[in-house]
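Per-entry structural report
Each chain, written out:
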Amino acid sequence: MKIIAFLGSPREEGNTDLLLREAIRGVEESGSTVQLFRLNDMSIMPCQNCGGCDETGVCIYSDDMSPIYDAIRDADRIILASPIFFFHVSAQSKAMIDRCQAFWCEKYLLKKTFPGGEYGRKGLLLLVGGMKKEIGIQCAEATAKAFFRTISVPEHKTLSYLGIDAKGAILNHPTALKEAYEAGKELVKV
Ligand SMILES: Cc1cc2nc3c(=O)[nH]c(=O)nc-3n(C[C@H](O)[C@H](O)[C@H](O)COP(=O)(O)O)c2cc1C
């Protein structure tokens, strides 16, 4: 089973990173490995809406999205982990998601099927916000759902935590790390 994960936080060992590590630990317990993309370390140009992918489903720009396109196409399980920034997913996450417009064109304009592998495709969404306002989670969830469905992930589970602000504060949450670990284990069940 091929599992990929996107870390949308710039903060190494920050709350999203720590949460994602637990989910990955849960996945790896099953014997699977995870290909991790640290989006903050990657050069991903924001979508230019140039129309270059309209008739081919292939982005005309070549940057660090290239290996991500290949990885998404082959993945059975996809994890997206993002902090909430200004009531949304981080810019790092959003830039990657917007570049999946190429997949959107392939699926909805060109009507090409985007086949799931032998295990089907499932997603896991991890969100962490410092405030206690649900709106950030709601906005991020809407975008993540559009992302997952565009890349033919028909179902995903969401774990979201609010009021987690200081670096590493997630470590003091009573259930978050365990829930992420369990969600990782659950994700790879067939
Ligand atoms: C630019 C910026 C914008 C933020 N906006 C929000 C917000 O709208 N809602 C919220 O709940 N937290 C907001 N936060 C707080 C972060 O979500 C919080 O610090 C979170 O724990 C960061 O996760 P990380 O440690 O994985 O980076 C913001 C933080 C930054 C740096």
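Quantities reported herein were computed from a predicted structural model and do not represent experimental measurements.

A separate point is the overall build of the protein. The secondary structure content of the protein amounts to 6 helices and 6 strands. Element order for the protein, N to C, with α for helix and β for strand: β-α-β-α-β-β-α-α-β-α-β-α. The C-alpha atoms of the protein give a radius of gyration of 16 Å, which matches the 16 Å a tight globule of 190 residues would have. Expressed as lengths along the three principal axes of its C-alpha atoms, the size of the protein is roughly 50 × 35 × 25 Å. Sequence-distant contacts, at least 24 apart, represent 80% of the contacts inside the protein between residues at least 6 apart. For the protein, the computed accessible surface area is about 9,300 Å², with 51% contributed by carbon and sulfur atoms. Separation of charge centres in the protein, based on 23 positive and 24 negative side chains, amounts to 4 Å.

Summed over all chains, the structure comprises 10 salt bridges. The partner of Lys 2 in a salt bridge is Asp 74, and the shortest N-O contact between them spans 4.0 Å. With Lys 2 in the segment before strand S1 (3–7) and Asp 74 in helix H2 (residues 65–74), this pair connects stretches of sequence that are 72 residues apart. On the basis of relative accessibility, which here comes to 32%, the residue Lys 2 falls in the partly exposed class. Residue Asp 74 is classed as partly exposed on the basis of its relative accessible area of 46%. Where Glu 186 meets Lys 189, a salt bridge forms, and the shortest distance between an N and an O atom there is 3.3 Å.

Glancing now at the packing of aromatic side chains. Enumeration according to the criterion identifies 5 aromatic pairs in this entry. Aromatic pair Trp 104 and Tyr 108: ring centres 5.3 Å apart, planes at 45°, arrangement tilted. Of this pair, Trp 104 and Tyr 108 both sit in helix H4 (residues 101–109), 4 residues apart, which is roughly one turn of that helix. The class of Trp 104 is partly exposed, set by a relative accessible area of 33%. A centroid spacing of 5.4 Å and a plane angle of 40° characterise the contact between Phe 147 and Phe 148, whose relative ring orientation is tilted. The residues Phe 147 and Phe 148 share a single accessibility class, namely buried.

Time to look at the layout of surface pockets. Sizing a probe to match a water molecule and rolling it over the atoms shows the empty space that remains. When its volume is computed, the largest pocket comes out at roughly 260 Å³. Forming the walls of the largest pocket are 19 residues, and the residues nearest its centre are Pro 83, Ile 84, Phe 85, Val 128 and Gly 130. Sorting the residues of the lining of the largest pocket by element identifies helix H1 (15–29) and strand S3 (77–85) as the ones contributing at least two each. Here the residues of the lining of the largest pocket sort into 10 nonpolar, 6 polar and 3 charged.

Next up on the list: the pairing of S1. Of all 5 residues in S1, 5 are buried, a share of seventy percent or more. Judged by which residues are buried, S1 turns out to be covered on both faces: Ile 3, Ala 5 and Leu 7 on one side and Ile 4 and Phe 6 on the other are all buried. Across 5 bridges, the pairing between S1 and strand S2 (residues 34–38) is parallel. Bridging from a neighbouring strand, Ala 5 pairs with Leu 36 of S2.

Reading the values: the criteria
Residues numbered from 1 in each chain as written. Predicted model: local features only at pLDDT ≥ 70, side-chain atom pairs only at ≥ 80, totals over all residues. Heavy atoms only, no water. Helix = DSSP H or I, 4+ residues; strand = E, 2+ residues; numbered from the N terminus. Rg over C-alpha atoms; globule rule 2.2 N^0.38 Å. Contact = heavy atoms within 4.5 Å. Areas by Shrake-Rupley, 256 points an atom, 1.4 Å probe, with all protein chains shown as cover. Lys, Arg positive; Asp, Glu negative; His and termini not counted. Charge placed at Lys NZ, Arg CZ, Asp CG, Glu CD. Salt bridge = Lys/Arg side-chain N within 4 Å of Asp/Glu carboxyl O. Buried < 20%, exposed > 50% of the residue type's maximum accessible area, 1.4 Å probe, protein only. Phe/Tyr/Trp six-rings, centres within 6.5 Å; stacked < 30°, edge-to-face > 60°. 1 Å grid on protein atoms, 1.4 Å probe; cavity = no way out; pocket = protein on both sides within 12 Å on 5 of 7 lines; lining within 4 Å. Points joined across faces, edges and corners; volume = space filled by probe spheres on them. Nonpolar A, V, L, I, M, F, W, Y, C, P; charged D, E, K, R; others polar. Pairing = 2+ DSSP bridges.

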